[in-house]
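Residues per chain are reported as follows:
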Amino acid sequence: MDIYVVQEGDTISSIAEQYKVTVDQLLIDNGLENADNLVIGQTIVIAYPRQTYTVQEGDSISSIAHSFGITINQLLRNNPSLNDREFIYPGDILVISYNTIREISTNGFVYPYVSMDILKRSLPYLTFLSIFNYRVTEKGNIISYGDDTEIIRLAKAYGTLPLLMISTLTPQGETNLEIVYEVLLNEEYQANLINTALNLLTEKGLSGVNLVISSINLTNQNLYIKLINKFFNLLNDKGFLLFVTINPNIKVEDGNFTFEKLDYKSIAEIVYRLIFIQYYWGVNKNPPAPVSSIAALRAFMDYITSITSARNISIGKQLIAYDWALPYKEGETIAHALTLNSAIALASDTSSQILFDEVSLTPYFYYYSSFTGESFEHIVWSIDARSIKANDDLIIDYGIKGSGIWNLMVYYQQLWTIMISEFDIIKLLPEKFQ
């Protein structure tokens, strides 16, 4: 796999010719929406299959999968164009496999109102699906935001394990610390929380719990660890999996990365998977900064692997961009979220050149907008194929077993093209396509 950075004068045809691939392959593997208006600094992924097959008369997706001893899911993720087509035709060239390095488990996060079309495109790539639909309230009760019956059914059909994602967070990312400590300090409320979760798992046919912790620190970590142990003991007895997701809250101070050195070992050694991921929401009140930082993640993983094995660890990717108006004014400036494709479109519309930060390994660009005759400078921080590849390299370097994706409400093909070029996606359920 190669990643090409668009230069002045490039076209999708010239890039295809340079790498001896077809334009159609580049369009499909990159999900390009602006193929006629490439942006200087934009990334293009070039994937090289290990094995392909030319469709013959009478072939079907299931018959091809069977003949090569692979799953339909593998055909779907290696050939994303199949998601938009009802039929295959003689002469079609399908990718059977890539030169992958090793296996990986993936955990995608979605809200209950995710588009079913987007969900179907994402599920072939997912081992687990965490449904952000359940919030802890007073006395350890749990409320939900929407009907996730169809999401759960589809996940199972694609061999993906659906998880009950429990948090104290609202859909806007707000938390109620009063409720957090009410539960942490009251064993009766903890029992209610765990029993309610068990009932939901059974009622909805879910495979486990993803317990999202948004406010752990040195002072309260022992309370959280006790609660996690209670969850594990009861879930494990019933055959359910337990995941814990934590935002490590890495900060930059004087050019150094800082974070609280918590007892993550006690958590990692009992849960099925401990996921480290930073959540992002529709607005951001912080100063302009990279959306993610590989340098920061490496510093954090140096600590994690010094205290525990990486065998139960997953690290996250953030599929989001933010647009800040400049100059930034604390308490006044609010950055608004963009999809990754929208960020590229904005750069194209404003004739901006995409730059790249060599520390965080993330792209950014400047543009100007006008309002009531005044001109305002903006900065947009995003991620691209280089950021995703750097995250995957970190997974390989540290022997990390899983990847978490926040979030999958918008489909982004480059993420998956890079992943399947390097990893075989683990599936723990048999697929049951109708």
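Residues numbered from 1 in each chain as written. Predicted model: local features only at pLDDT ≥ 70, side-chain atom pairs only at ≥ 80, totals over all residues. Heavy atoms only, no water.

- As recorded in an unreviewed UniProt entry, the protein goes by the name Spore germination protein YaaH, listed as coming from Anaerocolumna chitinilytica.

### Some thoughts on the pattern of salt bridges
Charged atoms that come close allow side chains of opposite charge to pair.
Phase 1 of the analysis: Summed over all chains, the structure comprises nine salt bridges.
Phase 2 of the analysis: Notably, a salt bridge pairs D397 with R298, separated by 2.6 Å at the nearest N-O pair. Separated by 99 residues along the polypeptide, D397 in helix α13 (residues 385-398) and R298 in helix α11 (residues 294-307) bring together distant segments of the chain.
Phase 3 of the analysis: According to the relative accessible area criterion, R298 is partly exposed, its value standing at 28%.
Phase 4 of the analysis: It is possible to trace a salt-bridge network through shared partners that takes in K389, D393 and E422. (Salt bridge = Lys/Arg side-chain N within 4 Å of Asp/Glu carboxyl O. Helix = DSSP H or I, 4+ residues; strand = E, 2+ residues; numbered from the N terminus. Buried < 20%, exposed > 50% of the residue type's maximum accessible area, 1.4 Å probe, protein only.)

### Notes on the UniProt feature "domain: LysM" (unreviewed entry) in the protein
Phase 1 of the analysis: Per the UniProt record, "domain: LysM" (unreviewed entry) is found at residues 2-46 and 51-96.
Phase 2 of the analysis: Note that residues 2-46 is 36% helix and 18% strand, and that its end C-alpha atoms are spaced 5 Å apart.
Phase 3 of the analysis: Taken end to end, residues 51-96 is 33% helix and 17% strand, and its two terminal C-alpha atoms sit 5 Å from one another. (UniProt positions renumbered as here; feature names shortened; annotations may be inferred.)

### Digging into the domain arrangement of the protein
Phase 1 of the analysis: On domain assignment, one finds that the protein holds domain 1 (2-98) and domain 2 (102-319 + 386-425).
Phase 2 of the analysis: At the interface, 19 residues of domain 1 touch 16 residues of domain 2.
Phase 3 of the analysis: With both chains or domains summed, domain 1 and domain 2 bury close to 1500 Å², and 54% of this area falls on carbon and sulfur atoms.
Phase 4 of the analysis: Put simply, domain 1 and domain 2 have one salt bridge between them.
Phase 5 of the analysis: For R121, the salt bridge identified is with D84, shortest N-O distance 2.8 Å.
Phase 6 of the analysis: Run the count over domain 1 and domain 2 and you get eight residue pairs in polar contact (both at pLDDT 80 or more).
Phase 7 of the analysis: Only β1 (2-5), α2 (23-30), β2 (43-46) and α4 (72-78) provide two or more residues apiece to the side of domain 1 that touches domain 2. (Domains from an automatic or database assignment. Contact = heavy atoms within 4.5 Å. Buried area = accessible area lost by both parts, 1.4 Å probe. Polar contact = N/O pair within 3.5 Å; in protein donor to acceptor, adjacent residues only side chain to side chain.)

### Regarding helix α7 (residues 177-184)
Phase 1 of the analysis: Those residues of α7 that fall on the buried side of the exposure criterion are I179, V180, V183 and L184. Down the axis of α7, the buried set is contained in an arc of 130 degrees. They therefore lie on one face.
Phase 2 of the analysis: Contacts made by the buried residues of α7 are with β6 (128-136), α8 (187-204) and α9 (221-237).
Phase 3 of the analysis: Sitting at the head of α7, N176 places a side-chain oxygen 2.9 Å from the backbone nitrogen of E178. (Arc of directions from axis to C-beta.)

### Thoughts on the sheet that holds strand β14 (residues 283-284)
Phase 1 of the analysis: Taken in spatial order, the six strands make up an open sheet running β14-β17-β16-β20-β19-β18, and their pairing is antiparallel. This sheet does not close on itself; its edge strands, each paired only once, are β14 and β18 (355-357).
Phase 2 of the analysis: Across eight bridges, the pairing between strand β19 (residues 362-371) and strand β20 (residues 374-381) is antiparallel. What sits directly across from Y364, in β20, is W381. (Pairing = 2+ DSSP bridges.)

### Comments concerning the packing of aromatic side chains
Phase 1 of the analysis: In this structure the tally under the stated criterion is 25 aromatic pairs.
Phase 2 of the analysis: The rings of F109, Y111, Y113, F132, Y279, W281 and W406 are connected pair by pair, giving a single aromatic cluster.
Phase 3 of the analysis: Lying across the ring of Y411, R121 places its NZ or CZ 4.5 Å from the centre.
Phase 4 of the analysis: When the ring centre of F356 is taken as reference, the NZ or CZ atom of R386 above it lies at 3.8 Å. (Phe/Tyr/Trp six-rings, centres within 6.5 Å; stacked < 30°, edge-to-face > 60°. Lys NZ or Arg CZ within 6 Å of the ring centre and 35° of its normal.)

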